[in-house]
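Chain by chain, the residues run as shown.
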Amino acid sequence: MDLSFSPDEEAFRAEVRAFLAQQLPAELSGKVRLGRSLSKADMTLWHDRLNQRGWLAPHWPVAWGGPGWGPIKNFIFENECALAHAPRIVPFGVNMLGPVLIKFGSETQKARWLPRILDGSDWWCQGYSEPGAGSDLAGVKTLAVRSTDAEGDHYIVNGQKTWTTLGQHANMIFCLVRTDREAKKQSGISFLLIDMSSPGVEVRPIITLDGEHEVNEVFFTDVRVPVENLVGEENQGWTCAKYLLTYERTNIAGVGFSIAALEQLKHVAAKRIRNGQPLARDPLFAARLARVEIELENMKTTNLRVLAAVAGGGVPGAESSMLKICGTEIRQEISSLLRRALGPNARAMEEEGSGAAIGAGTDEALPAATARYFNNRKLSIFGGSNEIQKNIISKMILGL
């Protein structure tokens, strides 16, 4: 694969940079750069501006609102957004459910839900993990029983989901539910779309180690769900689940965000003085910095190959698991090195508006690097733990 950019691609890069300079508010990019919490309004604002430009859903076909980019332009766009400290688009509707509906949804479902994902009418969250069914996702126990009454065909859903990211903002949730308790684990699962305002849905917050309300528990008690909200065939939801996970894992890799974080780390290392010289010149620190930069360059190539496969109509396979492993380990290493570089300034918690100064000669401030470090520990667990990803790779590629 030719990794050099053509004149047309360089012109596109300039177009993206101009858009970011004009449309990305400085206050919003500052929040992202400093690792501050984003409100729902912050995330919605950027979602809307990308949608107005037609750049919200790069992976979608043009017929459903995608921009029609190839893999290189997609790669450029993601990198430039990360380097400009643009908010990451909430992935559940655009990057996860959208591709599933395009692949497995009925024409009625596509016409109903896809435009609402783009215009922000629906905020989606993911109902996959359960207590006792995380890495072993096929062990889900949330039960959906089909029933018919005077109001028509529907499912009655009972159970619990956990680690539901941003579920406190969502009005819709896509769920894996068990519709056949007698079948083999993967064979008795269905993929349902559930309105969060339905009677019997309860959302309870989970406060994470960094003090944030990012994830939730969701409880279902006799929740009625119309049968037309079933995506694909009943008891065949595992096919949808696996397809969605390949997109989730590719997204978790976060190549662009690693590139931006590495630039930030290198800036810090150049400013911090240790033993009379910049930290970047310390042999041990410089060696770790060089290693993570080399690994990131290798991952960029793999990411381009996956994007090219998707653009050609393929589906990410073991490559998405490779990206998930490498990407999460790289992001964790960068956050670890940033915490080391800041030393005592990497405080665990900081008040809004404060920041730990990098060192003499700079007025830049960084957030609590320790809090970021703690939060990034989850990266190698969610979306299927890295140990599970290694099992997938060994099975798909090595035939073990």
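Residues numbered from 1 in each chain as written. Predicted model: local features only at pLDDT ≥ 70, side-chain atom pairs only at ≥ 80, totals over all residues. Heavy atoms only, no water.

Engineer: How do you make sense of the environment of A346 when you look at a structure like this?
Structural biologist: Of note, A346 is situated in the loop between α10 (318-342) and β11 (356-357). For A346, a relative accessible area of 9% corresponds to the buried category. Remark: the alpha-carbon pair of A346 and E27, spanning 319 residues in sequence, is separated by 23 Å. With near-sequence residues (within four places) excluded, A346 lies in contact with R339, A369 and T370. (Helix = DSSP H or I, 4+ residues; strand = E, 2+ residues; numbered from the N terminus. Buried < 20%, exposed > 50% of the residue type's maximum accessible area, 1.4 Å probe, protein only. Contact = heavy atoms within 4.5 Å.)

Engineer: Help me understand the nonpolar core in this model?
Structural biologist: Nonpolar side chains in soluble globular proteins tend to end up buried together. Core analysis: the biggest nonpolar cluster contains 98 residues, and V157, F174 and F191 have the highest contact counts within it. Non-local contacts of V157, meaning those with residues more than four positions away in its chain, are made with T142, L143, A144, V177, L192, I194, F220, T221, D222, V223 and V225. (Core = buried A, V, L, I, M, F, W, Y, C linked by side-chain atoms within 4.5 Å.)

Engineer: Any chance you could explain helix α11 (residues 369-376) here in plain terms?
Structural biologist: Because each turn of an α-helix spans 3.6 residues, side chains separated by three or four positions end up pointing in the same direction. The buried count for α11 comes to 6 of 8 residues, which makes it a mostly enclosed element. Of the residues making up α11, those classed as buried are A369, T370, A371, Y373, N375 and N376. In this fold, the buried residues of α11 make contact with β7 (213-226) and α10.

Engineer: How do you make sense of the side chain of R272 when you look at a structure like this?
Structural biologist: Tracing the backbone shows R272 in the loop between α8 (255-271) and β9 (273-274). A polar contact is formed between the side chain of R272 and the backbone oxygen of A341, at a distance of 2.9 Å. (Polar contact = N/O pair within 3.5 Å; in protein donor to acceptor, adjacent residues only side chain to side chain.)

Engineer: Looking at this model, I keep getting lost on the packing of aromatic side chains. Mind explaining?
Structural biologist: Centre distance and the angle of the planes are the two values used to describe a pair of aromatic rings. Counted under the stated rule, the structure contains 13 aromatic pairs. Seen from their ring centres, F12 and W69 are 5.1 Å apart, and the 70 degrees between their planes marks the pair as edge-to-face. One end of the pair, F12, is in helix α1 (residues 7-23); the other, W69, is in the loop between α3 (40-53) and α4 (71-83), with 57 residues separating them in the sequence. In this structure, F12 and W69 share a single accessibility class: buried. (Phe/Tyr/Trp six-rings, centres within 6.5 Å; stacked < 30°, edge-to-face > 60°.)

These results come straight from atomic positions and should not be treated as a statement about function.
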